Amino acid sequence: MLRAFAASLLLAGAVAAPSADVPKGLETFDAVWTIVRDTHFDTTFNGVDWDAARAEFRPKAAAATTPAELRGVIHGMLSKLGQSHFSVIPASASGSDDGAVGAATTGFDVRIVGDDVLVSRIDPDGPAAAAGIHTGWRVTAIGDYHVAQLFDRLRDTPDQRVRNLEAWRVLQGRLRGYEGSTVNITFEDGAGASVTRGITRTEPLGMAVTVGSLPTMFVQVTNERRTTPAGRPVGVIGFNVWMANVDRPFQLAVDEHRAAAGIVIDLRGNPGGLAAMMMGIAGHFIPERDALGVMKSRDNELRFTVNPRLVNANGTRVETFAGPVAILVDGLSASASECFTGGMQSLGRVRVFGERTMGAALPSQFDKLPNGDVFIHATADFVTADGTRLEGRGVIPDEVVPLKRADLLAGRDAPLEAALAWIDSQ
């Protein structure tokens, strides 16, 4: 289930023009309507008369005087579906806004909070750490590209989670480049001072993979031992993409923590990948072949069932881990990460901490429209064992722990701290 829920991006020129001069306005409107008619996973369109929607909004599209106004009309029609992740993203005037080409990184990741781009994680051995960058610093410019430009261009994207995903994607394109190249990045530090650092990009460890149209990712599995407030040991296992070569190190990590008071699975920033993997990962924690959920498209259904893992990495028979399990998610947790988390949550086997996930649970497509904009639309749905639909909704944490700049500046991982405290309570 390699996702294509993001697209080449941004800006279509915003200069007002007579209605007849809006580039391919009606052709673009008709293309969106037709794509939904032909590919939406629900042939009843969530109870909406799709022909009537076309009749209602097409005259408004014909009267639109700017590309932004045309997008507003299309978003109005899409809102009739009552589902997120049906959105039109403005095309870049240059056809791309990815910035430099290359997969080498600056050694830090970012998250979007409002219109702020915050350093959320730093590779302790990477170039950002060597340059003295800290979590919580606000990114204001990458080279001569000011972050404010990006949010101005995305201002008319109605779905906040889609908007944040696109912003993150574009920023990753700007931050990345060729190995050994240097980029000047301007930050606002914790004291409000402007700080510019020249950071030389390095190639990260791990196997390079591509998920949909997102930037190249390098498969990484993390494993550490943490302690709860009461001093009890907990295993914290994370991975950044669902790929087959995650399975072995994940199994070794579970084996290492079998006697721990609990296990935390960190799926923050994990955009998905191979959905079939979630059956085996779930099998480390559930001894029965319970149903995680069903993937539903227009034409078929695919059921996901837990595959209990009853031998360890050495082939010795073991019981599944029976202690408390927490999962950490955020707004960039998507696709297989959502299906796994939502499925485990519906079975009552885990407690979820963090922020609502992307709500892009299943195969979405991106289609370039006649005017150059990009239409993101879901083509399938995922329903958990308790009947919860995830597409557009996302996974709602049992304990919502929002990302806060103050926590990042203080070096706190608030969702992880909440999960560790919960394990103490079990």
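Described below are features of the structure shown in this document. (Residues numbered from 1 in each chain as written. Predicted model: local features only at pLDDT ≥ 70, side-chain atom pairs only at ≥ 80, totals over all residues. Heavy atoms only, no water.)

On to the overall build of the chain, then. What the chain contains, in helices and strands, is 11 helices and 20 strands. A buried classification covers 55% of the 426 residues belonging to the chain. A separation threshold of at least 6 residues defines the contact pool for the chain, and within that pool the share at least 24 residues apart is 73%. A total accessible area of about 17000 Å² is found for the chain, and carbon and sulfur atoms account for 51% of it. (Helix = DSSP H or I, 4+ residues; strand = E, 2+ residues; numbered from the N terminus. Buried < 20%, exposed > 50% of the residue type's maximum accessible area, 1.4 Å probe, protein only. Contact = heavy atoms within 4.5 Å. Areas by Shrake-Rupley, 256 points an atom, 1.4 Å probe, with all protein chains shown as cover.)

Time to look at the pattern of salt bridges. By the definition in use, this model includes 21 salt bridges. One salt bridge connects Asp-30 with Arg-58, and the closest N-O pair in it is separated by 2.8 Å. Separated by 28 residues along the polypeptide, Asp-30 in helix α1 (residues 25-39) and Arg-58 in helix α2 (residues 50-63) bring together distant segments of the chain. A relative accessible area of 18% means that Asp-30 is categorised as buried. In this structure, Arg-268 engages Asp-413 in a salt bridge whose closest nitrogen and oxygen atoms are separated by 2.8 Å. One end of the pair, Arg-268, is in the loop between β12 (262-266) and α8 (277-282); the other, Asp-413, is in the loop between α10 (405-409) and α11 (414-425), and 145 residues separate them in sequence. Within the structure, one salt-bridge network assembled from shared partners comprises Asp-116, Arg-138, Glu-188 and Arg-405. (Salt bridge = Lys/Arg side-chain N within 4 Å of Asp/Glu carboxyl O.)

Here we take up the pairing of strand β19 (residues 380-384). With 5 of its 5 residues buried, β19 lies for the most part within the structure. Every second residue of β19 is oriented toward a common face, with Ala-380, Phe-382 and Thr-384 on one face and Asp-381 and Val-383 on the other, all of them buried. Pairing between strand β13 (residues 291-297) and β19: 5 bridges, direction antiparallel. Bridge pairing in β19 links Lys-296 to Asp-381. (Pairing = 2+ DSSP bridges.)

Phi at Phe-45 takes a positive value of approximately 55°, unusual for a residue other than glycine. In this model, Asn-46 sits at a positive phi of 60°, which is unusual for a non-glycine residue. For Asn-46, the position within the fold is in the loop between α1 and α2. Residue class for Asn-46 comes out partly exposed when judged on its relative accessible area of 34%.

This part takes up the environment of Glu-166. You can see Glu-166 is positioned in helix α6 (residues 160-175). A residue is classified by how much of its surface remains accessible, and Glu-166, at 0% relative accessible area, is buried. Taking the C-alpha atoms as reference points, Glu-166 and Leu-154, separated by 12 residues in sequence, lie 8.4 Å from one another.

Take the sheet that holds β19 next. Strand order in the open sheet formed by 3 strands is β14-β13-β19, and the pairing between neighbours is antiparallel. Each edge of the open sheet is held by one strand with a lone partner, namely β14 (301-305) and β19. In this sheet, neighbouring strand axes are inclined to one another by 20° on average, regardless of whether the strands run parallel or antiparallel. Pairing of β13 with β14, which is carried by 5 bridges, proceeds in the antiparallel orientation. (Axes fitted to C-alpha atoms, helices over the stretch in contact; angles between N-to-C directions.)

The subject of this paragraph is the nonpolar core. Soluble, globular proteins show a tendency: their nonpolar side chains are buried together. Residues Trp-242, Phe-250, Ile-265, Phe-285, Phe-340 and Met-344 are the most contacted members of the largest nonpolar core, which totals 39 residues. Looking at this core, the elements with two or more residues in it are β11 (233-239), α7 (247-256), β12, α8, β13, β15 (325-329), α9 (336-346) and β16 (350-354). Here Met-344 is in contact with Ala-282, Phe-285, Ile-286, Leu-292, Ile-327, Arg-349 and Val-350, once residues within four sequence places are set aside. Among the nonpolar cores identified, the runner-up in size contains 32 residues, and Ile-112, Tyr-145, Leu-150 and Leu-332 belong to it. (Core = buried A, V, L, I, M, F, W, Y, C linked by side-chain atoms within 4.5 Å.)

In this fold, Thr-106 is placed in the loop between β1 (87-89) and β2 (108-113). By relative accessible area, Thr-106 is classed as buried at 1%.

Our focus in this paragraph is α9. In terms of residue burial, α9 counts as a mostly covered element, since 10 of its 11 residues are buried. Lining the buried residues of α9 we find β12, α8, β13, β15, β16 and β19. In the stretch just after α9, Gly-348 is the one whose phi turns positive, near 70°.

Quick look at the packing of aromatic side chains now. Given two aromatic rings, their pairing is described by the distance between the two centres and the angle made by the two planes. The tally for this structure, following the rule as stated, stands at 10 aromatic pairs. An angle of 20° between the planes, with centres 5.9 Å apart, marks the rings of Phe-45 and Trp-50 as stacked. An identical accessibility class is assigned to Phe-45 and Trp-50; each is buried. Here Lys-60 stacks its cationic end above the ring of Phe-57, 4.7 Å away from the centre of that ring. Looking at Arg-174, its charged tip hangs above the ring of Tyr-145, at a distance of 4.0 Å from the centre. (Phe/Tyr/Trp six-rings, centres within 6.5 Å; stacked < 30°, edge-to-face > 60°. Lys NZ or Arg CZ within 6 Å of the ring centre and 35° of its normal.)

The next point concerns the packing of α1 against helix α3 (residues 67-79). At a minimum axis separation of 11 Å, α1 and α3 run at an interaxial angle of 20°. For the element pair α1 / α3, the angle class is roughly parallel. Once α1 is placed against α3, the crossing between them reads as right-handed. Here α1 contributes Gly-25, Thr-28, Phe-29, Val-32, Trp-33 and Val-36 to the contact with α3, which in turn contributes Leu-70, Val-73, Ile-74, Met-77 and Leu-78. Here the contact of α1 with α3 is built from residues that sort into 9 nonpolar, 2 polar and no charged. (Parallel < 35°, antiparallel > 145°, perpendicular 65-115°, else oblique. Left-handed = near helix turned anticlockwise from the far one by under 90°. Nonpolar A, V, L, I, M, F, W, Y, C, P; charged D, E, K, R; others polar.)

A few words on α11. Three or four residues apart is the spacing at which side chains of an α-helix point the same way, because the helix has 3.6 residues per turn. Between its terminal C-alpha atoms α11 stretches 17 Å, which fits the 16 Å expected from 12 residues at 1.5 Å a residue. Looking only at α11, the buried set comprises Ala-414, Pro-415, Leu-416, Ala-418, Ala-419, Leu-420, Trp-422 and Ile-423. (Expected span 1.5 Å × (residues − 1).)

Another point: the pairing of β16. Taken across its 5 residues, β16 has 4 buried, putting it largely inside the fold. Looking at chain direction, β15 and β16 are connected through 5 bridges and run parallel. Each bridged residue has a counterpart across the sheet, and for Ile-327 the counterpart in β16 is Val-352. At this point the chain moves from β15, through α9, to the parallel β16, and the crossover so formed is right-handed. One ladder, built from 2 bridges, connects β16 with strand β20 (residues 399-400); its direction is parallel. Across the sheet, residue Phe-353 finds its bridge partner in β20, namely Glu-399. (Right-handed = clockwise from strand over helix to strand, strands pointing away.)

This is a description of form; function is not addressed.
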